[in-house]
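Structural overview
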Amino acid sequence: MNQTMAPSGERLIDLCAIWDAGVYLPSAAWNRASSGVARKRLNEAEKLSAVQEAQLKRLEVTRPRVLGSREQGQVPRMARQPPPPWVHAAFLLCLLSLGGAIEIPMDLTQPPTITKQSAKDHIVDPRDNILIECEAKGNPAPSFHWTRNSRFFNIAKDPRVSMRRRSGTLVIDFRSGGRPEEYEGEYQCFARNKFGTALSNRIRLQVSKSPLWPKENLDPVVVQEGAPLTLQCNPPPGLPSPVIFWMSSSMEPITQDKRVSQGHNGDLYFSNVMLQDMQTDYSCNARFHFTHTIQQKNPFTLKVLTNHPYNDSSLRNHPDMYSARGVAERTPSFMYPQGTASSQMVLRGMDLLLECIASGVPTPDIAWYKKGGDLPSDKAKFENFNKALRITNVSEEDSGEYFCLASNKMGSIRHTISVRVKAAPYWLDEPKNLILAPGEDGRLVCRANGNPKPTVQWMVNGEPLQSAPPNPNREVAGDTIIFRDTQISSRAVYQCNTSNEHGYLLANAFVSVLDVPPRMLSPRNQLIRVILYNRTRLDCPFFGSPIPTLRWFKNGQGSNLDGGNYHVYENGSLEIKMIRKEDQGIYTCVATNILGKAENQVRLEVKDPTRIYRMPEDQVARRGTTVQLECRVKHDPSLKLTVSWLKDDEPLYIGNRMKKEDDSLTIFGVAERDQGSYTCVASTELDQDLAKAYLTVLGRPDRPRDLELTDLAERSVRLTWIPGDANNSPITDYVVQFEEDQFQPGVWHDHSKYPGSVNSAVLRLSPYVNYQFRVIAINEVGSSHPSLPSERYRTSGAPPESNPGDVKGEGTRKNNMEITWTPMNATSAFGPNLRYIVKWRRRETREAWNNVTVWGSRYVVGQTPVYVPYEIRVQAENDFGKGPEPESVIGYSGEDLPSAPRRFRVRQPNLETINLEWDHPEHPNGIMIGYTLKYVAFNGTKVGKQIVENFSPNQTKFTVQRTDPVSRYRFTLSARTQVGSGEAVTEESPAPPNEAYTNNQADIATQGWFIGLMCAIALLVLILLIVCFIKRSRGGKYPVREKKDVPLGPEDPKEEDGSFDYSDEDNKPLQGSQTSLDGTIKQQESDDSLVDYGEGGEGQFNEDGSFIGQYTVKKDKEETEGNESSEATSPVNAIYSLA
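Residues numbered from 1 in each chain as written. Predicted model: local features only at pLDDT ≥ 70, side-chain atom pairs only at ≥ 80, totals over all residues. Heavy atoms only, no water.

**Here's the deal with the overall build of the protein**
Regarding its fold elements, the protein presents 10 helices and 85 strands. For the protein, the proportion of its 1139 residues judged to be buried stands at 45%. Partitioning the contacts of the protein with sequence separation of at least 6, the portion at a separation of at least 24 is 65%. When the accessible surface of the protein is totalled, it reaches about 59600 Å², and 49% of it is carbon and sulfur. (Helix = DSSP H or I, 4+ residues; strand = E, 2+ residues; numbered from the N terminus. Buried < 20%, exposed > 50% of the residue type's maximum accessible area, 1.4 Å probe, protein only. Contact = heavy atoms within 4.5 Å. Areas by Shrake-Rupley, 256 points an atom, 1.4 Å probe, with all protein chains shown as cover.)

**Digging into the side chain of Glu740**
One can find Glu740 in strand E61 (residues 731–740). Buried and unpaired, Glu740 has Arg792 as its nearest opposite-charge partner, separated by 7.2 Å. Polar contacts involving the side chain of Glu740 include one to the main-chain amide nitrogen of Phe743, which spans 2.9 Å. When sequence neighbours within four positions are dropped, the list of residues in contact with Glu740 reads Pro745, Gly746, Val769, Asn770, Arg792 and Ala826. (Lys, Arg positive; Asp, Glu negative; His and termini not counted. Salt bridge = Lys/Arg side-chain N within 4 Å of Asp/Glu carboxyl O. Polar contact = N/O pair within 3.5 Å; in protein donor to acceptor, adjacent residues only side chain to side chain.)

**Concerning the pattern of salt bridges**
For the coordinates displayed, the defined rule picks out 51 salt bridges. Overlapping salt bridges bring together Arg903, Arg905, Arg907, Glu917 and Asp919 as one network.

**Observations concerning the sheet that holds strand E20 (residues 293–296)**
If you trace the 3 strands from one edge of the open sheet to the other, you get E16-E19-E20, paired in antiparallel fashion. A single partner strand is all that each edge strand has here, and the edge strands are strand E16 (243–247) and E20. Between one strand axis and the next, the sheet turns through 30° on average, direction left out of account. As defined by bridge partners, strand E19 (residues 283–288) adjoins E20 across 4 bridges and the pair is classed as antiparallel. Note on E20: the bridge partner recorded for Asn285 is Gln296. (Pairing = 2+ DSSP bridges. Axes fitted to C-alpha atoms, helices over the stretch in contact; angles between N-to-C directions.)

**Description of a nonpolar patch on the surface**
Taken together, Trp1009, Leu1013, Met1014, Ile1017, Val1021 and Leu1025 make up a surface patch of nonpolar side chains, about 590 Å² in accessible area. Inspection of the secondary structure assignment puts Leu1025 in helix H8 (residues 1008–1035). Relative accessible area serves as the criterion here: at 54%, Leu1025 is assigned to the exposed category. (Patch = residues over 30% accessible without salt bridge, like charges linked within 9 Å, V, L, I, M, F, W, Y side chains within 5 Å.)

**Overview of the nonpolar core**
Core analysis: the biggest nonpolar cluster contains 30 residues, and Ile130, Ile132, Trp146, Leu170, Tyr183 and Tyr187 have the highest contact counts within it. For this core, the elements supplying multiple residues, two or more each, are strand E5 (130–132), strand E6 (134–139), strand E7 (143–148), strand E10 (170–172), strand E11 (185–193) and strand E13 (203–207). Not counting residues up to four positions away in its chain, the partners in contact with Tyr183 are Ile130, Arg148, Asp158, Arg160, Val161, Ile172, Phe174 and Leu205. Met520, Ile576, Ala591 and Val606 belong to the second largest nonpolar core, which has 22 residues in total. (Core = buried A, V, L, I, M, F, W, Y, C linked by side-chain atoms within 4.5 Å.)

**Comments concerning the confidence of the model for the protein**
Mean pLDDT over the protein stands at 81; residues scoring 70 or higher make up 79%. Scored below 50 in pLDDT, residues 312–319 shows 10 contacts in the model against residues more than four places distant or in partner chains. With pLDDT under 50 throughout, residues 1036–1139 is counted as low confidence; its partners more than four residues away or in other chains account for 129 contacts. (pLDDT = per-residue confidence, 0-100.)

**Notes on the packing of aromatic side chains**
Summed over all chains, the structure comprises 20 aromatic pairs. Arranged with centres 5.5 Å apart and planes meeting at 65°, the rings of Phe738 and Tyr771 form a pair that is edge-to-face. With a gap of 33 residues between them, Phe738 in strand E61 and Tyr771 in strand E64 (residues 770–779) connect regions that are remote in the sequence. A residue is classified by how much of its surface remains accessible, and Phe738, at 7% relative accessible area, is buried. Through a chain of ring-to-ring contacts, three or more aromatic side chains come together here, namely Phe904, Trp918, Tyr931, Phe951 and Phe958. Across the ring face of Tyr504, the terminal group of Arg202 is positioned such that the distance to the ring centre comes to 3.9 Å. (Phe/Tyr/Trp six-rings, centres within 6.5 Å; stacked < 30°, edge-to-face > 60°. Lys NZ or Arg CZ within 6 Å of the ring centre and 35° of its normal.)

**Considering unusual backbone geometry**
Here the amide bond leading from Asn139 into Pro140 is cis, since omega sits at 5°, within 30 degrees of zero. With respect to the helices, strands and loops of the structure, Pro140 is situated in the loop between E6 and E7. Here the amide bond leading from Val361 into Pro362 is cis, since omega sits at -5°, within 30 degrees of zero. One can find Pro362 in the loop between strand E25 (357–361) and strand E26 (365–370). Phi is positive for Asn386, close to 70°, though the residue is something other than glycine. Mapping Asn386 onto the fold places it in the loop between strand E27 (380–383) and strand E28 (388–391). Positive phi, normally seen in glycine, also occurs at Asp485, with a value near 50°. You can see Asp485 is positioned in the loop between strand E37 (480–483) and strand E38 (492–500).

**Some thoughts on the state of the cysteines**
Any covalent bond linking the sulfur atoms of two cysteines counts as a disulfide. Following the criterion strictly, the structure yields 6 disulfides and no others. Through a disulfide, Cys446 is tied to Cys496; the S-S separation comes to 1.7 Å. Of note, the bridge from Cys446 to Cys496 carries an S-S torsion of about -65° and is left-handed in sense. Of this pair, Cys446 sits in the loop between strand E32 (442–445) and strand E33 (447–451) while Cys496 sits in strand E38, and the two are 50 residues apart along the sequence. The disulfide partner of Cys631 is Cys680, and the gap between their sulfur atoms is 1.8 Å. On the sign convention where negative means left-handed, the S-S torsion of about -75° between Cys631 and Cys680 marks this disulfide as left-handed. Within this pair, whereas Cys631 is found in the loop between strand E51 (627–630) and strand E52 (632–634), its partner Cys680 is found in strand E57 (residues 676–683), the two being separated by 49 residues in sequence. The two residues Cys631 and Cys680 agree in class, both being buried. (Disulfide = S-S within 2.5 Å.)

**Some thoughts on the pairing of E7**
Taken together, the 6 bridges between E7 and E11 define a ladder with antiparallel strand orientation. For Thr147, the partnering residue across the bridge sits in E11 and is Gln188. In terms of strand pairing, E7 meets strand E8 (residues 151–153) through 3 bridges, oriented antiparallel. Directly across from Trp146, in E8, lies its bridge partner Phe153.

**Quick look at the sheet that holds strand E62 (residues 749–755)**
In space, the 4 strands of this open sheet follow the order E62-E61-E64-E65, with antiparallel pairing throughout. Either end of the sheet is taken by a strand with one partner, and the two such strands are E62 and strand E65 (793–794). Bridge count between E61 and E64: 9 bridges; the pairing is antiparallel. Each bridged residue has a counterpart across the sheet, and for Val735 the counterpart in E64 is Ile776.

**Quick word on the environment of Gly624**
Topologically, Gly624 is positioned in the loop between strand E50 (619–620) and E51. Sequence-wise, Gly624 and Glu672 are 48 residues apart; in three dimensions their C-alpha atoms are separated by 9.4 Å. Beyond its immediate stretch of four places on either side in the chain, Gly624 contacts Gly669 and Val670.

**Considerations on the pairing of strand E14 (residues 221–224)**
Where burial is concerned, the two faces of E14 differ: the one with Val221 and Val223 is buried and the one with Val222 and Gln224 is not. Taken together, the 4 bridges between E14 and strand E21 (residues 302–305) define a ladder with parallel strand orientation. If you follow Val222 over to E21, its bridge partner there is Lys303.

**Thoughts on the environment of Asn770**
Within the secondary structure, Asn770 sits in strand E64. In this structure, the C-alpha to C-alpha distance between Asn770 and Thr795, residues 25 residues apart in sequence, is 6.6 Å. Discounting chain neighbours no more than four positions away, the residues touching Asn770 are Glu739, Glu740, Asp741, Arg792, Tyr793 and Arg794. In this structure the side chain of Asn770 is engaged in a polar contact, spanning 2.8 Å, whose partner is the side chain of Asp741.

**Points about the environment of Gly809**
Structurally, Gly809 is set in strand E66 (residues 805–810). The spatial distance from the C-alpha of Gly809 to the C-alpha of Val861 is 9.5 Å, given a sequence separation of 52 residues.

Written out as structure tokens, the structure is:
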């Protein structure tokens, strides 16, 4: 996955979490991951071009430096740097890894694979033991053997030679004696197990040589002043070739320039010799790489013959030094190469170095050209004072004829070099390991190119394919081997060797036949932290045979992630092109084949970027003042922030004159040495941000003075001024400003800018402007105060040559259109009484143009239809005439409220969700900006909280997640323009299904309050039954009294009709009171009719005589009872009161 485990156990993002421009790869992660990650990616991708390899080397050797040093001059106020080149190299390596072949886990059987080997040309130091590397993996572990010069190399017979344990690396030990040269030759390693044999490259072993320089006595070199001279080095042939440089015998380097320089062959060339050249001697030095020794040739001594014996140093800077010294001038001639033409061959991918060294007086200049085209600017660079042209990473397009032109004031000469580009073999399609399931088909492809065209040879397990046992499932078709219906017996390692006269390529590719269910190869549940808005990649290494299909899911749900902001590569890696907050979550990768499936999860955390929101600003300070550079940072609070400062791109030493705080740097008593660039570096473990400011300890220039206007013409004038004092900082520019007194009196505008070396300029003028000029001087510190203004100068008028810009037509109300434009300034009016002819008409109606003349910058067209297009033209006019015919601009009249959305549908597919769909309004009446949905849940008279949702104008669907299965929903939908929301449409969700109601009732029946209520009702029913029973016991009927109030006596006598009145002396109510059903004590009274218990009306009976009224007391009795005292009663008394 995208992380490397740090020593502390903290997980850090690796190179493949890609940072865009402006955001930096975290230095902490890079320092910990090191370039080993990049090198590992290289091994996976197996091949890089020369440019990519060079980028990687820079990545390993150097650390990136922040751009913008003091030598580059004043930097912008805020310099947010682009990512260094090594970030792009890392990105390239990351992309290459996406195409890497699938690796077989080492616990599964597999043929051998070479994992490490020495270079094809292996040069060793004779003072050390010889090491020839060869490592391989496989299951079972492979065994190794070697050949030397194509013959079996018996290691057991040579006591100096041994093989490392669990490796094929050869070690040749010379501690007990022996000559390394005896072991030179061509070696090849074979790694074998029962499934096949893999081969290394043919490794050519050579012992480094650094022969001694032959001793020789060199006579002084006598030469005439002004003549050319070549001092030859002729170093001894070393292996590898030594590095050549020239020094004096006292080990002082020889100063080289356009006149004196060293050629690529090591010789020292003098285009012309001067008298000062004999002040030192010249010794050629050779530095040998392996021995780290420098050999020095005996020095040359020069004797210069001259017509001017005095070496007057003042003549060195004389404009005509050669004539002053009496040296005759000569046309150029070539010292190297000789003649007028030569040829050169170079291999593709190498560097082409062309060299031309010429003599002549004065010293010639060298220029380079290519016939029939331009030099490749992206690859060509000039070296050795333009005497050498280097083209890197040569390709076939770089072949052709180049010529160098040597010239001085006496003449010129050219030399043509014909360049031929050849090529050692290079891969077009390198064979990759083939993993198949039994019965599957596959192919190995080996395609290479070169010049001349390379030949292709196939081998299997190290033997030519022609001599291998026949395989009916295998077919060879030139550079391709086709396998059909593969079986377990088809396992082997195949070699493709492609070669021409310039080199060869050897590739191993095994065929493995396996039946393996999917498995994940990375740790589970990894955490990846990334910065917001960056690009990142989630890896999910897996294996299976047949090759599984990999899919990604987020948060365990949804469809397969691919497309839009996501991209899935062939190896299963998921790339998120731009990280957003909503991308945070758990990502699951699922690998599936016919044998099963496997999955893994990655947790992605999105962090806010580190940003310097208040940056240090460039400051100009006088000596001894105090300067404060602000640097306020916003960062993700879960990340540790570190703020540091650089001065001139180096770590800043905080002395006693400086104070570093969390958000600023203060410098007390500014001195000249404090001048420079200051960079605030705010960094976390994931990213960093930079802001740079420049501190200048200098003064601004004084204002220019004495402005004068001369050479007055109709459309031009010459302005001359006297520069003010530069205050120790050279003036770089002058800005000429003007002011006119008609349109914007008192407002100054920039007219033109001139180099700081001039103090006079011809100014181009516009018609009908009353000019006044002033001049501002600028240096690296800042701008001077403006000069005093010049005298005024008015030009004659003319018709306008342009029309106003930024013409627009927009409605401010639904029935109008406001036409606006940017008014023309004084320099474009060209005459008095500037006005505008405004024309308009409805688009595509071809009706006549409406027009009006306007003096301002706006006009309102009224009584327009709602939101219709108009053609608009605005033409300038002054007293001298009209401007050019203007172009038409399309504008629109005002918008109105839109009509209601059409076909608003509410569907309820299940108890959890409600789906809403609608169509756009029939009459938008403007630019739709969205929809507003308001909805509320209701259940009978109960209404929930209203919820409001806003949608984009393109959205016509929405899903509501129900909060309970019983309530219904009322939806109100309206469309919006910039005017507001239009007519709304309302719909309700369907009634809930019966089963939902039943389930709800079942839920209520289990509530405690419901059970208590039911028990109370049952108790009341029981009491009523007892009352009925007592009544029947009295006479089988209910006594009915007239509707009148009759107070009861204290003894409650029996009724005259003979009914029996049951009583209990212990439970009698208090004298003069009676208990009601609701437990309140009322004045004792009795009504024979149950009507008296009805609320506000007579009781009602059904046809069968049953009473259907309510047992409540009449309102007039309630008023009476409210004024009387009451006492506690028992349930038995309540029964008596009802009886």
